[in-house]
Amino acid sequence: MTQADVLHGSVAGGKRKFSEVFDSSPNILRGGIATVCALAAIVLLLAAPIFTFGDESISLSCNVGFFGLMKALLGGGSYSFTDSEFGALTVKVPAGATILILTTVILWLAFLAVGIVSIFGKWGSADKAVVGAVGLGAFCWQCIAFVILIASKGMRSTNIFGVETAFYRTFSVTATYLVCILLALIGGCCALGINSRNVKNVRRYKLMYLFLLPAAALVAIYNLYPMLLSFCLSLKNYVIADGIWGSAWIGFRNFKTIFVDPDMLRIIGNTLLISVLRMVISIIPPIFLAIMLFDMGAHKVRKGIQTIIYIPHFFSWVVVYAIAYAFVNPDGLINNLIRGDVHILANEGAFIPLLLITDLWKECGWGTILYMAALTNVDPSLHEAAAIDGAGPVKRLFHVTLPSITPTIVFTTVMAVGNLLKGAGYEQIMLFGSEIMKNAQVIDTWVVWKGLQSLQYGLGAAVSFFQSFIGMLMVIGCNALSKKWVGVSLY
Amino acid sequence: MIKGKSDKAYQGICAAVAILFALICLYPLLYTVFLSFCTEKEWIDSSGAIWYFPKRPTAAAYAKILGSTGVVLRALLVSFERTILGTVLGLIVNVLAAYALSRRNLPGKGVLLKVMLLTILFNGGLIPTYLTIQSTGLIDTVWALIVPGLFSAWNVLILKQFMEGIPRELEEAAEVDGVSVFGKLFYIILPMSKAVLSAICMFTIVGHWNSWFDVSIYIKDQKLWTLQYYVKVNFDNTSGLDQGKLDFLISQGAAVSSITMKMALTVISVLPMLIIYPFFQKYFTQGVYIGAVKG
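Everything numeric here is computed off the predicted structure, so don't read it as measured data.

## Quick notes on the overall build of chain B
In step 1: Looking only at helices and strands, chain B has 16 helices and 0 strands in total.
In step 2: Within chain B, the fraction of its 295 residues that count as buried is 53%.
In step 3: Contacts in chain B between residues far apart in sequence, at least 24 positions, make up 71% of those at least 6 positions apart.
In step 4: Of the roughly 13,100 Å² of accessible surface on chain B, a fraction of 67% belongs to carbon and sulfur atoms.

Pasting the structure below:
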């Protein structure tokens, strides 16, 4: 969308007449975006390296650009580096790879041509379909080529020792190619999305796109780019010296490790165990606490109690750990009162109970808020009617109060199930546990202790990707269930 | 409502449980404060079994922490810096985005909302995020703690929802009077979304103040430690980071024990939250919905 804005800004400043033409013909914006995308992609493909020739064992990396590939294709497949770390070096580039790239460039040239023709409105009403089709066609072709380049065992090339291996073991596709794929997606989608109705709106809302710019930039850099990295890293064997894009692709080996490695399975088991226990703790006690608070009468006292029980939620886990430390460390209150010497913090058996107790202390009061809100909406005449019929307080609790707040309970439960994989609470575990404690190893802490600090970036990214992906499916599913059962959903 | 005996008993039980829970919430806080005022002599004399306010309280620990070392004050400043900058810049970014997205028939709105939803549902994970922050050159600057969290899809969604509920007639009337877009934003939209803005503001402040994990990952420079992380370091029993810890103050002859120093530090680190707590109390219910998913 930002391209639209830039393009627009550059053309609308000129003549007033042009803005009228612009408003009435969507093809100008459509063709303009397509042209800008195509130009950017062609410049990238021609000027930036496309492949990196590398060898893990000796940490060598040399870039191959488009013209190099062409020379290699014409010269029978051999390509010479003159300035590699090992002096002059000649490698074989398979013709298949070169042809894939050549086709990509030709497709981009076609997209450029289509975009330019469309600016001048030569096709009339058909240009939306044409530009969209070429753009998305280029996108699909590049995706297919990408998969072949990083995973196909059929395409062979020789490595530095003259041994023939799969292409992707010696050559890596650079980020340039991924950017081109994205450009094709943007160009194609914009072409399809632009019609005469919203061209006018694009002009009308140009300031709004400016408003969106900071947010869009932040999302692209700090949300979308890490997602892309997460996907790519999980398919790579990351070696620091080679960088993210220079490291070799290794297919699904990282994901296989997750399901085979006994350590990994234990970590996933731990995550599920702790999450389920925390989920139970975070749902059931607040329900009863809220009901009791609500039924206790004495409104002023209740306000005071509410003020107090919400406080711990505003403390960080560091502070909660500090307070817990004051109670349970070997010199702490509990040991001093019983004159004992119990090492609760170092005891692995006490680890999970300690997590749960501190979690209950911190979040139980806060958890009542939603239920309190639901309880105030219960019609008091229901209670009165039940009381006249002779129902005692306990009976009313189970037959009036609980059923009337069921939607809230279902909603919170369903969302908690959706967050199960993320819900182990790594901040708390990192404070209360330690790296050597087996119970303390959940997915998130593993990623920090083993993935980040021991530089197992590829496996770490694969684990995160797996966790996030399954988590996403669970939240989507649970949200749909919640919508269906009680009509409440997150978004 | 007619009240029988059983009703009164039930109310009594409810009140008792609620009050008991409130005491459980309150006592650990009080205990922390008690300890932070305890002299070393009293601590040793009672062999640590102090569960009440010390008989001869001393503020020596506070004086020592705030007076004789710049470390804590510096950490406090960094904490304030990240909290204020993060909240103000975050509000600007998110309000602008939400206002743009609350326009009806904004071309591309659907796609943008879907992308935002994706950022809520799926995240890149720690390692890719770390690499991104590294390659944007933010490691070991205070911006590593601020910039990546500026945009919050959840806050934008909530704000957008709220802004869409503001009657269009108000804005149209202003347009007739020749009010600019910024005028509309400042004089109509923002005043009307005060409640939801305050709730978002509150959670951003609390989130920034309380976070320590990002400091542990992105910050190596001790000068940029936030207070929460400094507290965390002081409770670590790993050696190697000793030069930054409070312990050396004790060896300089403070008449308080190590635990008292630590508790005083803890109290200092929660004090700002306790101070702003009453101001934000009325926005809690709204806040729950904001915090529900972010956790």
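## Some remarks on the overall build of chain A
In step 1: Along its length, chain A carries 23 helices and 9 strands.
In step 2: Expected size for 491 residues packed as a compact globule is a radius of gyration near 23 Å; at 31 Å, chain A overshoots this value by more than 25%.
In step 3: Dimensions along the principal axes, computed over C-alpha positions, put chain A at roughly 90 × 65 × 35 Å.
In step 4: When each of the 491 residues of chain A is scored for burial, the buried share is 53%.
In step 5: Here the contacts in chain A between residues at least 6 apart in sequence split such that 66% fall between residues at least 24 apart.
In step 6: Looking at chain A as shown, the accessible area adds up to about 21,100 Å², and 67% of this sits on carbon and sulfur atoms.
In step 7: Across chain A, the mean location of the 33 positive side-chain charges is 12 Å away from that of the 24 negative side-chain charges.

## Quick notes on the packing of aromatic side chains
In step 1: One pass over the full model with this rule turns up 35 aromatic pairs over all chains.
In step 2: Ring centres of A:Phe51 and A:Phe167 lie 5.3 Å apart, and the angle between their planes is 80°; this geometry places the pair in the edge-to-face category. Note that A:Phe51 is positioned in strand S1 (residues 51–55) and A:Phe167 in helix H7 (residues 167–170), a separation of 116 residues in sequence. There is no split in this pair, since A:Phe51 and A:Phe167 are both buried.
In step 3: A ring pair is formed by A:Phe66 and A:Phe67, whose centres lie 5.7 Å apart and whose planes are at 70°; its orientation type is edge-to-face.
In step 4: Ring pairs connect the aromatic residues A:Phe231, A:Phe252, A:Phe255, A:Phe465, A:Phe469 and B:Phe122, which therefore count as one cluster.
In step 5: The ring of A:Trp317 carries A:Lys362 above its face, with NZ or CZ at 4.9 Å from the centroid.
In step 6: Over the ring of B:Tyr99 we find B:Arg103; its NZ or CZ atom is 4.2 Å from the centre of that ring.

## Structural notes on the interface of chain A and chain B
In step 1: Opposite the 96 residues of chain A that make contact, chain B presents 95 residues.
In step 2: Taken together, the two surfaces of chain A and chain B that pack against each other cover about 8,400 Å², and 80% of this comes from carbon and sulfur.
In step 3: Together, A:Phe211, A:Tyr222 and A:Phe314 form the three largest contributors to the area buried by chain A at its contact with chain B, with a combined 9%.
In step 4: Along the contact surface separating chain A from chain B lie 1 salt bridge.

## Topic: the nonpolar core
Looking at soluble globular proteins, one finds that nonpolar side chains tend to be buried together.
All names here are of chain A.
In step 1: By size, the foremost hydrophobic cluster in this structure holds 251 residues, and its most contacted members are Phe51, Trp108, Ile405 and Phe432.
In step 2: Sort the elements by how many residues they give to this core and helix H17 (residues 351–376) lands first, with 13 residues.
In step 3: Beyond its immediate chain neighbours, meaning those up to four positions away, isoleucine 405 contacts Ile287, Ile291, Tyr371, Ala374, Leu375 and Val378.

## Focus on the side chain of B:Thr58
All names here are of chain B.
In step 1: Structurally, the position occupied by threonine 58 is in the loop between helix H2 (40–45) and helix H3 (60–67).
In step 2: Its relative accessible area of 18% is what places threonine 58 among the buried residues.
In step 3: At a separation of 3.0 Å, a polar atom in the side chain of threonine 58 contacts the main-chain amide nitrogen of alanine 60.

Conventions adopted
Residues numbered from 1 in each chain as written. Chains lettered and ligands numbered in written order. Predicted model: local features only at pLDDT ≥ 70, side-chain atom pairs only at ≥ 80, totals over all residues. Heavy atoms only, no water. Helix = DSSP H or I, 4+ residues; strand = E, 2+ residues; numbered from the N terminus. Buried < 20%, exposed > 50% of the residue type's maximum accessible area, 1.4 Å probe, protein only. Contact = heavy atoms within 4.5 Å. Areas by Shrake-Rupley, 256 points an atom, 1.4 Å probe, with all protein chains shown as cover. Rg over C-alpha atoms; globule rule 2.2 N^0.38 Å. Lys, Arg positive; Asp, Glu negative; His and termini not counted. Charge placed at Lys NZ, Arg CZ, Asp CG, Glu CD. Phe/Tyr/Trp six-rings, centres within 6.5 Å; stacked < 30°, edge-to-face > 60°. Lys NZ or Arg CZ within 6 Å of the ring centre and 35° of its normal. Buried area = accessible area lost by both parts, 1.4 Å probe. Salt bridge = Lys/Arg side-chain N within 4 Å of Asp/Glu carboxyl O. Core = buried A, V, L, I, M, F, W, Y, C linked by side-chain atoms within 4.5 Å. Polar contact = N/O pair within 3.5 Å; in protein donor to acceptor, adjacent residues only side chain to side chain.

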